[in-house]
Amino acid sequence: MNLPVKAVGQVQRQVQLPLSKAVEIALKSMRVRLGRSILTLITIVMAMAFLTQVWLSNRFGPVIRTALLAKAHLAVHEPVADNGRLVWLISLSLLVCLVGISNAMLMSVMERFREIGTMKCLGALDSFILKLFLLESIFLGVAGTVCGIVLGVALAAAMMVVRYSTAAWSLIPWGGVPWVCLAALGIGTAITAAAAMYPAWKAARMEPIAAMRVEV
Amino acid sequence: MTAQTTAAPQGREEIVRTINVVKEYRMGDQTLQALKGVSVTIYRGEYISIMGPSGSGKSTLFNAIGGLDKPSSGKVFIDEVDVAQLDALELAWLRCRKIGYIFQTFNLIPVMTALENVALPMIFGGMLEADARDKAKAILERVELGHRIDNKPSQLSGGQQQRVAIARAFANDPAIILADEPTGNLDLNTGKAIIGLLKEMNRERGVTVISATHDLKMLDISDRIFWIRDGAVEKIQRRDEVTIDAGQMH
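### A few points about the interface of chain B and chain A
Next, step 1: With 38 residues of chain B in contact, the opposing surface of chain A contributes 34 residues.
Next, step 2: For the pair chain B and chain A, the summed buried area comes to about 3,400 Å², and 67% of that belongs to carbon and sulfur atoms.
Next, step 3: In terms of surface lost to chain A, no three residues of chain B exceed Trp93, Val111 and Phe124 of chain B, which account for 22% of the buried area on that side.
Next, step 4: At the boundary of chain B and chain A, one finds four salt bridges.
Next, step 5: The salt bridge involving Lys21 of chain A is made with Glu129 of chain B; its shortest N-O contact spans 3.0 Å.
Next, step 6: Counting residues per element, the ones that place at least two in the side of chain B that touches chain A are helix H2 (58–65), helix H3 (88–98) and helix H4 (114–124) of chain B.
Next, step 7: In terms of residue count, H3 of chain B provides more of the side of chain B that touches chain A than any other element does, nine residues in total.
Next, step 8: Taken together, the residues of the side of chain B that touches chain A sort by class into 20 nonpolar, six polar and twelve charged.

Okay, structure coming up:
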């Protein structure tokens with residue numbers, strides 16, 4: 001074990017912990033609070049499913065329509081896409097998501113004041129507490145986003161079948177799907193990380209004396 | 001002040017010294033003095049009780065001694081180091097290695113088992129996981145909880161939780177144990193057992209125990225008692241002096 005160099009008198013500087021330890025504790029805390037997390041998770045799932053579905057539908061629709069028109073002499077009625085409104089709706093759903101996660105995390109930080117204070121009394125550094133809460137939220141975000149993407153892809157495919165008959169199924173251009181999913185994953189993770197920034201910072205700045213507070 | 005000089009044991013190593021510590025709180029445009037210049041010295045291996053009614057400044061003094069609260073003026077030395085001079089990393093090190101904290105509300109991390117709770121300060125201190133677990137197990141056996149090491153705090157009684165907390169406080173072999181009302185949430189007998197355990201650990205490991213309390217059971221085992229009133233040290237008594245005064249105390 002490498003001991004840091006002596007600083008003032010007999011006092012040394014506290015060491016940084018490896019990220020794996022923060023991951024381990026974050027996972028443990030999440031498992032215990034699964035019930036509450038599920039509510040937040042649902043918001044993320046829905047918002048990300050909405051985003052993925054709209055995105056994919058916009059890609060699938062024209063391809064399938066052209067293919068169907070070329071194949072048979074079907075008169076396909078393409079509904080006029082109102083992209084402006086869709087972008088507005090998606091932004092709104094993502095914003096709701098952001099505020100929801102932020103709120104849930106903030107509540108979790110306020111509730112756990114004693115736990116945070118105690119960890120600081122035991123020698124946890126600000127950066128460790130920051131990592132703990134950021135990780136917790138990012139795990140939640142990634143899990144929700146992945147579920148949302150799966151749901152969104154399924155919805156987009158189902159919509160094509162409903163709109164253009166079962167013949168559309170074989171015409172779906174799956175090639176671009178992984179890229180859309182990856183982009184959605186990036187957006188989902190970025191939003192949860194952004195949402196957790198302030199609560200995590202607040203937790204990190206909490207004074208160790210919070211551990212002494214008796215009232216809840 | 002005269003009480004302090006007569007009660008202090010001579011020729012021993014200092015572990016904590018406060019010099020004229022003042023703590024002020026601003027409440028609107030009024031300034032409230034919680035501590036009005038407290039100077040005390042605590043020696044290595046002593047068992048100190050800080051007694052006083054709530055609002056007396058007892059907790060404020062306790063927190064200042066523990067490096068948890070910065071005084072408005074005056075100095076606090078822990079093991080000859082001026083706490084105010086330390087940066088965040090050094091303070092964290094001090095809390096991790098030099099001081100063990102015991103709380104009224106036990107404050108175990110709810111998502112961790114007893115063993116993980118005791119191992120945590122060692123891991124924060126940079127010890128290897130396996131070594132930390134071995135040592136945590138040994139300390140838990142010392143506090144007679146060898147059979148409950150894999151239990152979560154919610155599966156333990158109050159007394160057992162406080163034993164785990166004591167084990168955790170001793171994890172990094174600190175020089176000072178700070179116990180804030182350690183018996184405040186326990187019934188009479190459990191409280192007695194906890195006080196007994198603290199005293200045993202104090203003797204056998206030579207650790208300085210500083211306890212803020214209004215539990216009179218603490219009087220029997222304390223080496224010295226600091227009586228705090230209105231933000232000042234009213235008197236400092238040795239244990240033998242207390243028994244004489246016991247009648248008037250109640």
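There's more to say after this.
### Topic: the pattern of salt bridges
Next, step 1: According to the stated counting rule, one finds 28 salt bridges over all chains in the structure shown.
Next, step 2: Note that Glu116 of chain B is salt-bridged to Lys28 of chain A, the shortest N-O span being 3.1 Å. With Glu116 of chain B in helix H4 and Lys28 of chain A in helix H1 (residues 19–32), this residue pair bridges two chains.
Next, step 3: Lys217 of chain B serves as the salt-bridge partner of Asp215 of chain B, at 3.1 Å between the closest nitrogen and oxygen.
Next, step 4: Owing to a relative accessible area of 13%, Asp215 of chain B belongs among the buried residues under this scheme.
Next, step 5: With relative accessibility at 22%, the residue Lys217 of chain B sits in the partly exposed group.

### Focus on the side chain of Thr183 of chain B
Next, step 1: Its location among the elements puts Thr183 of chain B in the loop between strand E7 (176–180) and helix H7 (188–205).
Next, step 2: Dropping the residues within four chain positions of it, Thr183 of chain B is found in contact with Gly191, Ile195 and Asp215 of chain B.

### Comments concerning the pairing of strand E10 (residues 232–238) of chain B
Residue and element names in this part refer to chain B.
Next, step 1: As paired strands, strand E9 (residues 224–229) and E10 are joined by six bridges and run antiparallel to one another. Across the sheet, residue Ile228 finds its bridge partner in E10, namely Val233.
Next, step 2: Between the antiparallel neighbours E9 and E10 lie two residues, among them Asp230 with a positive phi of about 50°.

### Looking at the nonpolar core
Next, step 1: Formed by 99 residues in total, the largest nonpolar core has its most connected members in Ile64, Met119 and Phe133 of chain A together with Val118, Phe124 and Leu140 of chain B.
Next, step 2: Considering every element that reaches this core, the biggest residue donor is helix H5 (residues 126–164) of chain A, with twelve residues.
Next, step 3: Residue contacts for Val118 of chain B: discarding those within four places in its chain leaves Ala136, Ile139, Leu140, Val164, Ala167, Arg168 and Ala171 of chain B.
Next, step 4: In terms of nonpolar packing, the next biggest core, distinct from the first, is built from 38 residues, Val83, Ile99, Ile176 and Phe226 of chain B among them.

### Here's the deal with the sheet that holds strand E6 (residues 99–102) of chain B
Paired through backbone hydrogen bonds, the strands of a sheet run either parallel or antiparallel to each other.
All names here are of chain B.
Next, step 1: Read from one edge of the open sheet, six strands run E6-E7-E8-E3-E9-E10, paired in mixed fashion. Every interior strand has two partners, whereas the edge strands, E6 and E10, have only one. With direction set aside, neighbouring strand axes in the sheet form an average angle of 20°.
Next, step 2: Together, E6 and E7 form the strand contacts of H3, whose direction differs from that of E6 by roughly 70°.

### Here's the deal with the side chain of Ser56 of chain B
Residue and element names in this part refer to chain B.
Next, step 1: By the secondary structure assignment, Ser56 is in the loop between strand E3 (47–51) and H2.
Next, step 2: The exposure class of Ser56 is buried, given its relative accessible area of 3%.
Next, step 3: At 2.6 Å, the side chain of Ser56 and the backbone oxygen of Pro53 are in polar contact.
Next, step 4: Apart from the residues within four sequence positions on either side, Ser56 is in contact with Ala34, Ile228, Arg229, Asp230 and Gly231.

### Section: the packing of H5 of chain A against helix H6 (residues 177–205) of chain A
Residues and elements named next belong to chain A.
Next, step 1: In the contact formed by H5 and H6, the axes pass within 7 Å of each other and the chain directions differ by 150°. When the interaxial angle is binned, H5 and H6 end up roughly antiparallel. Crossing angle aside, the handedness with which H5 passes H6 is right-handed.
Next, step 2: Of the residues assigned to the contact of H5 with H6, the class counts are 20 nonpolar, six polar and one charged.

### As for the packing of helix H2 (residues 34–71) of chain A against H5 of chain A
All names here are of chain A.
Next, step 1: Two numbers describe how H2 lies on H5: the axes approach to 5 Å, and their chain directions differ by 35°. In this structure, H2 crosses over H5, and the sense of that crossing is right-handed.
Next, step 2: Of the residues contributing to the contact of H2 with H5, the split by class is 21 nonpolar, eleven polar and no charged.

What counts and how
- Residues numbered from 1 in each chain as written.
- Chains lettered and ligands numbered in written order.
- Predicted model: local features only at pLDDT ≥ 70, side-chain atom pairs only at ≥ 80, totals over all residues.
- Heavy atoms only, no water.
- Contact = heavy atoms within 4.5 Å.
- Buried area = accessible area lost by both parts, 1.4 Å probe.
- Salt bridge = Lys/Arg side-chain N within 4 Å of Asp/Glu carboxyl O.
- Helix = DSSP H or I, 4+ residues; strand = E, 2+ residues; numbered from the N terminus.
- Nonpolar A, V, L, I, M, F, W, Y, C, P; charged D, E, K, R; others polar.
- Buried < 20%, exposed > 50% of the residue type's maximum accessible area, 1.4 Å probe, protein only.
- Pairing = 2+ DSSP bridges.
- Core = buried A, V, L, I, M, F, W, Y, C linked by side-chain atoms within 4.5 Å.
- Axes fitted to C-alpha atoms, helices over the stretch in contact; angles between N-to-C directions.
- Polar contact = N/O pair within 3.5 Å; in protein donor to acceptor, adjacent residues only side chain to side chain.
- Parallel < 35°, antiparallel > 145°, perpendicular 65-115°, else oblique.
- Left-handed = near helix turned anticlockwise from the far one by under 90°.

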